[in-house]
Amino acid sequence: MKLNLNYKKMPFLPYCQRKDLPTKPGIYYVGNSDSPVRYIGLSHNLRNRHLNHHRQSEFEEIENAVIRYRVVTEDLLNRISNLTENLRRLERQAINYYQPELNRKAVPPQPKLSLGGVYIQTHQVATAGYCPHFNVEDGEELAINTSVSKIHLIDRAIKAQRPIFLIASGNYEDYERENYDNLSELVIFKNEKIYIIISCFIPYGCEIDHSYERNYIVYGGNSKIFLEPYVILNNQPGFKEFKRSYLTVGFTNCEKSPFAQILLNLGGFQLI
């Protein structure tokens, strides 16, 4: 996929008018006339991404801030098989070229949450392979695929802005075969199925997966990646019961489980 990522050729809006951004996937830059590219990001929906961006307060502090963007055209969407992967590649190219300062800055802490839903999705290492979330930085937009049969739960999670945790499961040999890093952390559980948290994020949109229309792509921000070290769930208190009740049903809400509070704590969320 090719897009013109020269900031001088991009359409732009004052950052205060970000609600007028297109509801299309694309790449965006935030800056001003003195420093046009202070942050670079991607999104499946440019408008939704900037309704509650994890760096919104920093963007608002930029004098005369503008947001430049390049959308993925319908023609390109019809010709590519993995939108997230292609956007991520373009984002990395742009970051490597422009070296924006805010992309290197520490990510703000997770927002405080009221009581409510805690959603989980499983990632079967044996069939799904290496999870590309591990190639992403904290705070960036993440996406997961889940069945269209879960749309009622997806809608609830999006409307209430509730966290989604992605949990990997597999035998040690699965992680080894798929080239996961830091296998020495997993070897102690070599004789059982290993469960690790990959990521969590706050969802703000979804769409049909054009490459497989029985799935939805759910995407969001305020993300956290659980790497170095891995967060292994096997020995967490209450995990065995949680696993039996919730890790066999796909995308689901686990707020009624006591283990939901452990997930929130691990994700750095504080309750109001």
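See the structure shown above.
Residues numbered from 1 in each chain as written. Predicted model: local features only at pLDDT ≥ 70, side-chain atom pairs only at ≥ 80, totals over all residues. Heavy atoms only, no water.

Participant: Before we go on, may I ask you to explain the environment of Val-30 in this structure?
Facilitator: Along the polypeptide, Val-30 turns up in strand β2 (residues 26-31). The contact partners of Val-30, leaving out residues within four places of it in the chain, are Pro-36, Val-37, Arg-38, Tyr-39, His-50, Phe-59, Ile-62, Val-66 and Ile-67. (Helix = DSSP H or I, 4+ residues; strand = E, 2+ residues; numbered from the N terminus. Contact = heavy atoms within 4.5 Å.)

Participant: Where do I start with the packing of aromatic side chains in this structure?
Facilitator: With the rule as written, the count across this model stands at 19 aromatic pairs. Consider the rings of Tyr-97 and Tyr-98, whose centres lie 4.9 Å apart with planes at 90°: the pair is edge-to-face. An aromatic cluster is present here, built from Tyr-130, Phe-134, Tyr-175, Tyr-180 and Tyr-230 joined pairwise through their rings. Here the basic side chain of Arg-68 rests over the ring of Phe-12, its NZ or CZ set 5.5 Å away from the ring centre. (Phe/Tyr/Trp six-rings, centres within 6.5 Å; stacked < 30°, edge-to-face > 60°. Lys NZ or Arg CZ within 6 Å of the ring centre and 35° of its normal.)

Participant: Which parts of the structure should I look at to understand unusual backbone geometry?
Facilitator: In this chain, Glu-228 is followed by Pro-229 through a cis amide linkage whose omega measures 0°. Its place among the elements puts Pro-229 in the loop between β9 (215-225) and β10 (231-232). For Gln-161, which is not a glycine, the phi torsion comes out positive at approximately 55°. Structurally, Gln-161 can be placed in the loop between α6 (151-160) and β7 (164-170). Owing to a relative accessible area of 28%, Gln-161 belongs among the partly exposed residues under this scheme. Despite not being glycine, Asn-182 shows a phi value in the positive range, around 55°. Within the secondary structure, Asn-182 is located in the loop between α7 (172-177) and β8 (194-208). Residue Asn-182 is classed as partly exposed on the basis of its relative accessible area, which comes to 29%. (Buried < 20%, exposed > 50% of the residue type's maximum accessible area, 1.4 Å probe, protein only.)

Participant: How do you make sense of the layout of surface pockets when you look at a structure like this?
Facilitator: By volume, the largest pocket is sized at about 890 Å³. Taken together, 36 residues line the largest pocket, and the ones lying closest to its centre are Asn-82, Pro-132, Ala-143, Ile-144 and Asn-145. Secondary-structure elements contributing two or more residues to the lining of the largest pocket are α4 (83-98), β5 (119-124), β6 (142-147) and β8. Examining the composition of the lining of the largest pocket, we find that six residues originate from one element, β6, more than from any other. Tallied by class, residues from the lining of the largest pocket come to 14 nonpolar, 15 polar and seven charged. The volume enclosed by the second largest pocket comes to roughly 160 Å³. Taken together, 13 residues line the second largest pocket, and the ones lying closest to its centre are Arg-55, Asn-103, Glu-137, Asp-138 and Glu-140. When the residues that make up the lining of the second largest pocket are grouped by side-chain class, the tally is five nonpolar, two polar and six charged. (1 Å grid on protein atoms, 1.4 Å probe; cavity = no way out; pocket = protein on both sides within 12 Å on 5 of 7 lines; lining within 4 Å. Points joined across faces, edges and corners; volume = space filled by probe spheres on them. Nonpolar A, V, L, I, M, F, W, Y, C, P; charged D, E, K, R; others polar.)

Participant: Which parts of the structure should I look at to understand the pattern of salt bridges?
Facilitator: Oppositely charged side chains can pair when the atoms bearing their charge come close. The final tally for this structure, using the stated rule, is twelve salt bridges. In this structure, Glu-58 and Arg-55 form a salt bridge, with 3.0 Å as the shortest nitrogen-oxygen distance. One salt-bridge network, in which partners are shared between bridges, spans Arg-88, Glu-91, Arg-92 and Glu-140. (Salt bridge = Lys/Arg side-chain N within 4 Å of Asp/Glu carboxyl O.)

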